[in-house]
Amino acid sequence: MRNRLLALLLAGGIAGCAASPPPPQGTPLATAVGTPLFVALKVPFCVATVVIAAPLAGISGFAPTEEASDLRHDLDAGIGQNCGPPYVLQP
């Protein structure tokens, strides 16, 4: 019984060392105040990105070249960056 308890404690200690620490979250006050402002600014930037990117992507569809494909890839990456996560202010 004593050996099982010792083995269980050692296994728990090893598992605890293997887990990575959580990333720092910054100050709760800055995150609480900054997140609504971040979202309020993210929405217009996202809309502006889509308004600019959509016609460019459509026009590039008429030219099936490698440059047009690269342009659509870059537009997709820009929309993902401006409209995608994170939706909470990160430190």
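Further up the page is the structure itself.
One structure accompanies this document, and this report is about it. These figures come from a predicted structure and were not determined experimentally.

Rules used in this analysis
Residues numbered from 1 in each chain as written. Predicted model: local features only at pLDDT ≥ 70, side-chain atom pairs only at ≥ 80, totals over all residues. Heavy atoms only, no water. Helix = DSSP H or I, 4+ residues; strand = E, 2+ residues; numbered from the N terminus. Buried < 20%, exposed > 50% of the residue type's maximum accessible area, 1.4 Å probe, protein only. Contact = heavy atoms within 4.5 Å. Areas by Shrake-Rupley, 256 points an atom, 1.4 Å probe, with all protein chains shown as cover. Expected span 1.5 Å × (residues − 1). Axes fitted to C-alpha atoms, helices over the stretch in contact; angles between N-to-C directions. Parallel < 35°, antiparallel > 145°, perpendicular 65-115°, else oblique. Left-handed = near helix turned anticlockwise from the far one by under 90°. Nonpolar A, V, L, I, M, F, W, Y, C, P; charged D, E, K, R; others polar. Arc of directions from axis to C-beta. Patch = residues over 30% accessible without salt bridge, like charges linked within 9 Å, V, L, I, M, F, W, Y side chains within 5 Å. Salt bridge = Lys/Arg side-chain N within 4 Å of Asp/Glu carboxyl O.

1. Some points on the overall build of the protein
- A count of helices and strands for the protein gives 3 helices and 0 strands.
- Counting from the amino terminus, the protein carries its helices and strands in the arrangement α-α-α.
- When burial is assessed residue by residue, the protein has 12% of its 91 residues classed as buried.
- Long-range pairs, those at least 24 residues apart, make up 74% of the contacts in the protein with a sequence separation of at least 6.
- Accessible surface computed for the protein: about 7,300 Å², of which carbon and sulfur atoms make up 74%.

2. Focus: the environment of Ala-68
- Mapping Ala-68 onto the fold places it in helix α3 (residues 66-83).
- Filtering out sequence-adjacent residues up to four positions away, Ala-68 remains in contact with Ser-60 and Ala-63.

3. Quick word on helix α2 (residues 28-60)
- Here α2 contains 33 residues, and its C-alpha end-to-end distance of 45 Å stays within 8% of the 48 Å for a straight helix at 1.5 Å per residue.
- Those residues of α2 that sit buried are Gly-34, Thr-35, Lys-42, Cys-46, Thr-49, Ala-53 and Ser-60.
- Elements in contact with the buried residues of α2: α3.

4. Details of the packing of α2 against α3
- One can describe the packing of α2 onto α3 by two numbers: an axis separation of 9 Å at closest approach and a directional angle of 165 degrees. When the interaxial angle is binned, α2 and α3 end up roughly antiparallel. Taken as a pair, α2 and α3 cross one another with a handedness that is left-handed. Here Lys-42, Cys-46, Thr-49, Val-50, Ala-53, Leu-56, Ala-57 and Ser-60 of α2 lie close against α3, whose contacting residues are Ala-68, Leu-71, Arg-72, Leu-75, Gly-78, Ile-79, Gln-81, Asn-82 and Cys-83.
- Here the residues of the contact of α2 with α3 are counted per class, giving 10 nonpolar, 5 polar and 2 charged.

5. Overview of α3
- With 18 residues, α3 extends 25 Å between its outermost C-alpha atoms, agreeing within 8% with the 26 Å of an ideal straight helix rising 1.5 Å per residue.
- Within α3, the full set of buried residues consists of Ala-68, Leu-75 and Cys-83. Looking down the long axis of α3, one finds its buried residues gathered within 40 degrees of arc, a one-sided arrangement. The exposed residues of α3 that point more than 90 degrees off its buried face are Glu-66, Glu-67, His-73, Asp-74 and Gln-81.
- In this fold, the buried residues of α3 make contact with α2.

6. Thoughts on a nonpolar patch on the surface
- A cluster of nonpolar side chains, namely Val-39, Val-43, Val-47, Val-51, Ile-52, Leu-56 and Leu-71, defines an oily patch on the protein surface of about 580 Å² accessible area.
- At 6 residues, α2 tops the list of elements feeding residues into the nonpolar patch.
- Along the chain, the position of Ile-52 falls in helix α2.
- Here Ile-52 falls in the exposed class, since its relative accessible area comes to 55%.

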